[in-house]
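Structure assessment
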Amino acid sequence: MGNGVQESPGALTQGELRPVASSTGQAEGSKMGRNVLNTLLSGALAGAVAKTAVAPLDRTKIIFQGRGPRAPAAYRLIYHTYLSDGFLSLWRGNSATMVRVIPYAGIQFCSHEQYKRLLGGYCGSQGKALPPVPRFLAGSLAGTTAAMLTYPLDMVRARMAVTPKEMYSNILHVFVRISREEGLQTLYRGFTPTILGVIPYAGISFFTYETLKKVHADHTSRPHPNPAERLAFGACAGLLGQSASYPLDVVRRRMQTAGVTGHTYGSIAGTMRLIVREEGLVLGLYKGLSMNWVKGPIAVGISFTTFDLTQILWRQLQQRGFIQW
């Protein structure tokens, strides 16, 4: 009757279709959740491995940036620290670094993948390399997101790096003492130069790394670079990114460590003027840059490479059934 079309006995009614659609949506949601967790864990591991590898240079750089024009040469500072406090003192503050860098790197890499997906859908390049501007924007947004969510931990790390071990017994003690003696707002001192610095740093770093991988794929017969090439691409990314944002990194460290170095720094511009007036442009705002040209490329190269290889390993384990979730 009606339109003359009869339902077959096995036809699904509208009500019976809903569980299928719901099941499909749940599967997609579950897959996205697994991808987010994968990138979070891979990013956290990448950050931990990279920062631990360069921890002595990182601590020396923080001390170097926080001191005035009388700071000794970097290699002398490392040697003096080793003689006076022992070999393991070169990793002082690394526990605070891990508390910060694990969530920071996890959030940064995970949000970068999400921003790439969102911008790719907006630009119509889903599944392919982003155009240059969205490629830079994805990196900047990822770095900004991670910095905003983990900044107090960066403040604590800087304090532990420039103070004697008798001053702060552990990470919690730093939080308690700063809050009691200097106020909670001190935990966000230097926040603005951090955000202003992370925009070019993360943007240029991710942009350079992704661009080099794309150029490599376009000009070779191999779609993916090998680990040594990934290290080289990451080193270039770190070199360019950290060089572009370095003056703001110096300003950030000065403002973070002002409470224990006896200086008073207010605004970003005021801090820059004071540093330039007392120490000069190059010796002040670029203090420790040569060390950063050693530390930065190594750290970023290890970080990007570890993340990529961990993601590849994770996918292979899933395909072979070793990981079921």
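These figures come from a predicted structure and were not determined experimentally. (Residues numbered from 1 in each chain as written. Predicted model: local features only at pLDDT ≥ 70, side-chain atom pairs only at ≥ 80, totals over all residues. Heavy atoms only, no water.)

What to know about the side chain of Arg-100
- Here Arg-100 lies in helix H4 (residues 94–123).
- Looking at Arg-100, its side chain comes within polar contact range of the side chain of Asp-154, at 3.3 Å. (Helix = DSSP H or I, 4+ residues; strand = E, 2+ residues; numbered from the N terminus. Polar contact = N/O pair within 3.5 Å; in protein donor to acceptor, adjacent residues only side chain to side chain.)

Let's talk about the environment of Pro-132
- Mapped onto the elements, Pro-132 comes out in helix H5 (residues 132–162).
- Of the residues examined, Pro-132 reaches a relative accessible area of 48% and is grouped as partly exposed.
- Separated by 79 residues in sequence, Pro-132 and Thr-211 place their C-alpha atoms 8.1 Å apart. (Buried < 20%, exposed > 50% of the residue type's maximum accessible area, 1.4 Å probe, protein only.)

Remarks on helix H10 (residues 268–279)
- Between the first and last C-alpha of H10 there are 16 Å, a value that for 12 residues agrees with the 16 Å anticipated at 1.5 Å per step.
- Among the residues of H10, those classed as buried are Ile-268, Thr-271, Leu-274, Ile-275 and Glu-279. All buried residues of H10 fall inside an arc of 130° around its axis, so they share one side. Residues of H10 that are exposed and point more than 90 degrees away from the buried face comprise Arg-273 and Arg-277.
- Regarding H10, its N-cap is Ser-267, as a side-chain oxygen of that residue lies 3.0 Å from the backbone nitrogen of Gly-270 further along.
- Phi turns positive one or two residues past the end of H10, at Gly-280, with a value near 95°. (Expected span 1.5 Å × (residues − 1). Arc of directions from axis to C-beta.)

Details of the environment of Met-155
- Here Met-155 is to be found in helix H5.
- For the pair Met-155 and Arg-253, spaced 98 residues apart in sequence, the C-alpha to C-alpha distance is 8.5 Å.
- Beyond its immediate stretch of four places on either side in the chain, Met-155 contacts Thr-186, Leu-187, Arg-189 and Gln-256. (Contact = heavy atoms within 4.5 Å.)

Considering the packing of H4 against helix H7 (residues 191–219)
- For the pair H4 and H7, the least separation of the axes is 13 Å and the interaxial angle reads 65°. Note that H4 runs across H7; the crossing there is right-handed. Residues Tyr-104, Gln-108, Phe-109, His-112 and Lys-116 of H4 touch H7, and the partners they reach there are Val-198, Ala-202, Phe-206 and Glu-210.
- Taken together, the residues of the contact of H4 with H7 break down into five nonpolar, two polar and two charged. (Axes fitted to C-alpha atoms, helices over the stretch in contact; angles between N-to-C directions. Left-handed = near helix turned anticlockwise from the far one by under 90°. Nonpolar A, V, L, I, M, F, W, Y, C, P; charged D, E, K, R; others polar.)

What to know about helix H12 (residues 289–319)
- Taking 1.5 Å of rise per residue, the 31 residues of H12 would be expected to cover 45 Å, and the 44 Å separating its terminal C-alpha atoms lies within 8% of that figure.
- The sharpest bend along H12 measures roughly 25° and falls at Lys-295, with the proline Pro-297 sitting one to four residues further on.
- After H12 finishes, the residue Gly-321 shows a positive phi value of roughly 85°. (Bend = angle between axes of the 7 residues up to and from the residue.)

Re the environment of Lys-116
- For Lys-116, the position within the fold is in helix H4.
- With a relative accessible area of 22%, Lys-116 lands in the partly exposed category.
- For the pair Lys-116 and Lys-128, spaced 12 residues apart in sequence, the C-alpha separation works out to 9.8 Å.
- Not counting residues within four places of it along the chain, the set of residues in contact with Lys-116 comprises Leu-130, Ala-138 and Glu-210.

A few points about the side chain of Thr-144
- Inspection of the secondary structure assignment puts Thr-144 in helix H5.
- Aside from chain neighbours lying at most four places away, what touches Thr-144 is Ile-195, Val-198 and Ile-199.

With respect to the confidence of the model for the protein chain
- Of the residues in the protein chain, 82% reach a pLDDT of 70 or more, and the chain-wide mean stands at 82.
- The secondary-structure element of the protein chain with the lowest mean pLDDT is helix H9 (residues 258–261), recorded at 66, while H7 shows the highest, at 93.
- Below pLDDT 50 for its whole length, residues 1–21 participates in two contacts with residues either more than four positions away or in separate chains. (pLDDT = per-residue confidence, 0-100.)

Thoughts on a nonpolar patch on the surface
- Together, Val-276, Leu-281, Val-282, Leu-283 and Tyr-286 make up an exposed nonpolar region whose accessible area comes to about 470 Å².
- For the nonpolar patch, the element with the highest residue contribution is helix H11 (residues 281–285), accounting for three residues.
- Summarising the element assignment, Leu-283 is placed in helix H11. (Patch = residues over 30% accessible without salt bridge, like charges linked within 9 Å, V, L, I, M, F, W, Y side chains within 5 Å. Areas by Shrake-Rupley, 256 points an atom, 1.4 Å probe, with all protein chains shown as cover. Salt bridge = Lys/Arg side-chain N within 4 Å of Asp/Glu carboxyl O.)

As for empty space enclosed by the protein
- As enumerated under the stated definition, the model contains two cavities of 30 Å³ or more in all.
- Approximately 650 Å³ is the volume found for the largest cavity.
- Along the wall of the largest cavity there are 37 residues; nearest its centre are Lys-51, Arg-100, Tyr-104, Tyr-201 and Gln-242.
- Of all the secondary structure elements, the ones that give two or more residues to the lining of the largest cavity are helix H1 (14–53), helix H2 (55–66), H4, H5, H7, helix H8 (227–256) and H12.
- Of all the elements, H7 adds the most residues to the lining of the largest cavity, at eight residues.
- Partitioned by chemical class, the residues of the lining of the largest cavity number 17 nonpolar, 10 polar and 10 charged. (1 Å grid on protein atoms, 1.4 Å probe; cavity = no way out; pocket = protein on both sides within 12 Å on 5 of 7 lines; lining within 4 Å. Points joined across faces, edges and corners; volume = space filled by probe spheres on them.)

A word on the packing of aromatic side chains
- By the definition in use, this model includes eight aromatic pairs.
- Taking 5.8 Å as the distance between ring centres and 75° as the angle between the ring planes, the aromatic pair formed by Phe-109 and Phe-206 counts as edge-to-face. Residue Phe-109 is located in helix H4, and its partner Phe-206 is located in helix H7; the two are separated by 97 residues in the primary sequence. In this structure, Phe-109 and Phe-206 share a single accessibility class: buried.
- Taking the centre distance of 5.2 Å and the plane angle of 80° together, the rings of Phe-206 and Phe-304 count as edge-to-face. Taken together, the residues Phe-206 in helix H7 and Phe-304 in helix H12 connect sequence positions 98 residues apart. (Phe/Tyr/Trp six-rings, centres within 6.5 Å; stacked < 30°, edge-to-face > 60°.)

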